[in-house]
Amino acid sequence: MKSIALIGSTGSIGTQTCSVVRRHPDKFRIAALVAGGGNAELFLKQAEEFRPEYAALADERAGEQIKNRMPAGIKFACGEKAAEEAVGFGDTALIAAGGFAGLKYSLAAIRAGRDVALANKETLVCGGELVMREVRGAGVRLLPVDSEHSAIWQALSFRPDTPFKRLIITASGGPFYAYTPDRLARVTPADALRHPTWKMGAKITIDSATLLNKGFEVIEAGWLYDAPLEKIHTIVQPESIIHSMVEFADGAVLAQMSFPSMELPIQLALTYPDRLDCGVKPLDFQALGTLHFLPLERRRFPCYDLALTAAEKGKNYPCALNGAGEVAVHAFLQGRIGFTAIAEIIADALAETEEMPADSYEALSETDARARQAAERHIARLSRSV
């Protein structure tokens with residue numbers, strides 16, 4: 001039985017991980033639960049159901065509100081340091097915490113000698129150089145949970161060092177692929193949260209709508225599969241049936257296909273190299289009829305273009321990209337800025353970024369803070385100009 005430290009248990013990936021554990025109670029056990037504190041009642045229900053050895057809320061105020069209701073026998077703590085300690089429980093840490101905050105959990109798990117099932121994009125977008133160095137030094141496994149990177153991993157026969165000609169990352173295109181600039185300017189948060197094929201958390205859903213998320217995945221793929229940018233290609237596959245592909249030197253292309261469900265890559269990261277029933281609907285190719293492929297052009301999608309530009313610059317620029325993006329998306333969801341302003345704010349923050357090495361958590365944290373401050377300044381300027 002594999003024991004899991006589930007970091008980010010109340011978010012979209014966290015709750016789907018709980019579904020995987022329910023499906024195979026003879027294979028998995030949740031040894032530790034961690035959440036931020038935004039949904040303390042759900043966290044309490046998860047603790048009551050799974051009875052982990054350890055549970056922690058990063059938000060101390062939320063933790064104080066539920067500590068007396070925690071089931072007997074569970075060690076409960078609150079605060080950021082207490083939450084980080086959870087990665088030491090279990091065989092595998094599944095990192096589903098959102099944003100830059102996920103990086104510290106990933107590093108803590110690696111340093112504790114735990115395999116990491118990685119659903120937090122920011123870990124590699126912001127800290128790829130540092131994280132991969134730590135992974136090699138600790139001799140642990142970094143198991144991809146993103147559907148695109150899991151697809152590539154499967155096409156490479158679970159061997160990241162398998163030679164390939166190029167990686168082909170697919171995108172749904174989001175809800176606004178065919179929108180004109182004028183129409184994009186009128187997009188509301190409610191519009192952007194209606195993803196055509198996936199059910200995800202709010203932040204990643206907006207990033208999918210801007211295509212920033214696809215740029216993040218290009219950066220991640222570079223670190224996971226030691227791939228230069230010129231060997232990573234993207235294409236829109238609107239049905240979200242093909243999750244990514246790998247082309248080999250002889251011209252063969254292997255694709256991983258399934259109905260869109262995050263439970264499949266979550267479960268595979270935990271059962272690798274075995275495969276178990278995942279409850280995913282079987283593909284009916286006759287009913288599907290046709291799969292479509294469309295171009296993903298940099299010039300049409302400014303957030304995607306900014307992500308690739310940051311990747312080309314390297315060092316701390318991807319970290320600044322993410323920090324500014326987190327602030328801009330939050331402001332959009334609050335109604336403080338328009339949809340197209342997300343790219344403007346990220347571009348301005350990147351223009352202000354001072355190049356620094358990305359070889360320590362402290363340097364990355366400083367870059368993240370500066371990028372957030374720059375983004376907030378630009379949001380304030382936009383607000384004054386309205």
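Look a little higher up for the structure.
**Things to note about the pairing of strand β10 (residues 242-247)**
On a regular strand, one side chain projects to one face of the sheet and the next to the other, so that they alternate.
So, step 1. In terms of residue burial, β10 counts as a mostly covered element, since six of its six residues are buried.
So, step 2. Bridge count for strand β8 (residues 166-171) against β10 is four bridges, and the pairing is antiparallel. When the bridges of β10 are listed, Ile 168 appears paired with Met 245.
So, step 3. As defined by bridge partners, β10 adjoins strand β11 (residues 253-257) across five bridges and the pair is classed as antiparallel. The residue bridging Glu 247 from the neighbouring strand is Val 253, located in β11.

**Digging into the packing of aromatic side chains**
Two aromatic rings, taken as a pair, are described by how far apart their centres are and by the angle between their planes.
So, step 1. One pass over the structure, following the stated rule, counts nine aromatic pairs.
So, step 2. Arranged with centres 4.9 Å apart and planes meeting at 45 degrees, the rings of Trp 153 and Tyr 272 form a pair that is tilted. You can see Trp 153 sitting in helix α7 (residues 147-155) and its partner Tyr 272 sitting in the loop between α12 (263-271) and α13 (285-288), a full 119 residues away along the chain.
So, step 3. Residue Trp 153 is classed as buried on the basis of its relative accessible area, which comes to 3%.
So, step 4. With a relative accessible area of 23%, Tyr 272 lands in the partly exposed category.
So, step 5. Taken together, a centroid distance of 5.1 Å and an interplanar angle of 55 degrees make the contact between Phe 158 and Tyr 272 tilted. With a gap of 114 residues between them, Phe 158 in the loop between α7 and β8 and Tyr 272 in the loop between α12 and α13 connect regions that are remote in the sequence.
So, step 6. In this structure an aromatic cluster arises from ring pairing among Phe 176, Tyr 179, Phe 332 and Phe 339.
So, step 7. The ring of Phe 164 has Lys 231 sitting right over it, with the charged end atom 4.7 Å from the ring centre.
So, step 8. Over the ring of Tyr 317 we find Lys 313, and its NZ or CZ is 4.8 Å from the ring centre.

**Considering the side chain of Thr 271**
So, step 1. On the secondary structure map, Thr 271 appears in helix α12.
So, step 2. The residues touching Thr 271, leaving out its near neighbours within four places in the chain, are Phe 28 and Leu 276.

**Here we look at the sheet that holds strand β3 (residues 54-57)**
So, step 1. Here we have seven strands laid out as an open sheet, ordered β4-β3-β2-β1-β5-β6-β7, and parallel in their pairing. Pairing within the sheet leaves two strands with one partner each, and these edge strands are β4 (75-78) and β7 (142-144). Ignoring which end each strand starts from, the neighbouring axes of this sheet average 20 degrees apart.
So, step 2. For strand β1 (residues 2-7) and strand β2 (residues 28-35), the ladder comprises six bridges, and the chain directions are parallel. Counted as the bridge partner of Ile 4 is Ile 30 from β2.

**Observations regarding the sheet that holds strand β9 (residues 232-236)**
So, step 1. Here we have four strands laid out as an open sheet, ordered β9-β8-β10-β11, and mixed in their pairing. Bordering the open sheet on either side are β9 and β11, each of which pairs with just one other strand. On average, adjacent strands in this sheet sit at an angle of 20 degrees to one another, irrespective of strand direction.
So, step 2. Contacting β8, β10 and β11, α7 crosses the sheet at an angle of about 40 degrees to β10.
So, step 3. The strands that helix α11 (residues 212-224) touches are β8 and β9; relative to β8, the one it contacts most, it runs at about 155 degrees.

Calculation criteria
- Residues numbered from 1 in each chain as written.
- Predicted model: local features only at pLDDT ≥ 70, side-chain atom pairs only at ≥ 80, totals over all residues.
- Heavy atoms only, no water.
- Buried < 20%, exposed > 50% of the residue type's maximum accessible area, 1.4 Å probe, protein only.
- Helix = DSSP H or I, 4+ residues; strand = E, 2+ residues; numbered from the N terminus.
- Pairing = 2+ DSSP bridges.
- Phe/Tyr/Trp six-rings, centres within 6.5 Å; stacked < 30°, edge-to-face > 60°.
- Lys NZ or Arg CZ within 6 Å of the ring centre and 35° of its normal.
- Contact = heavy atoms within 4.5 Å.
- Axes fitted to C-alpha atoms, helices over the stretch in contact; angles between N-to-C directions.

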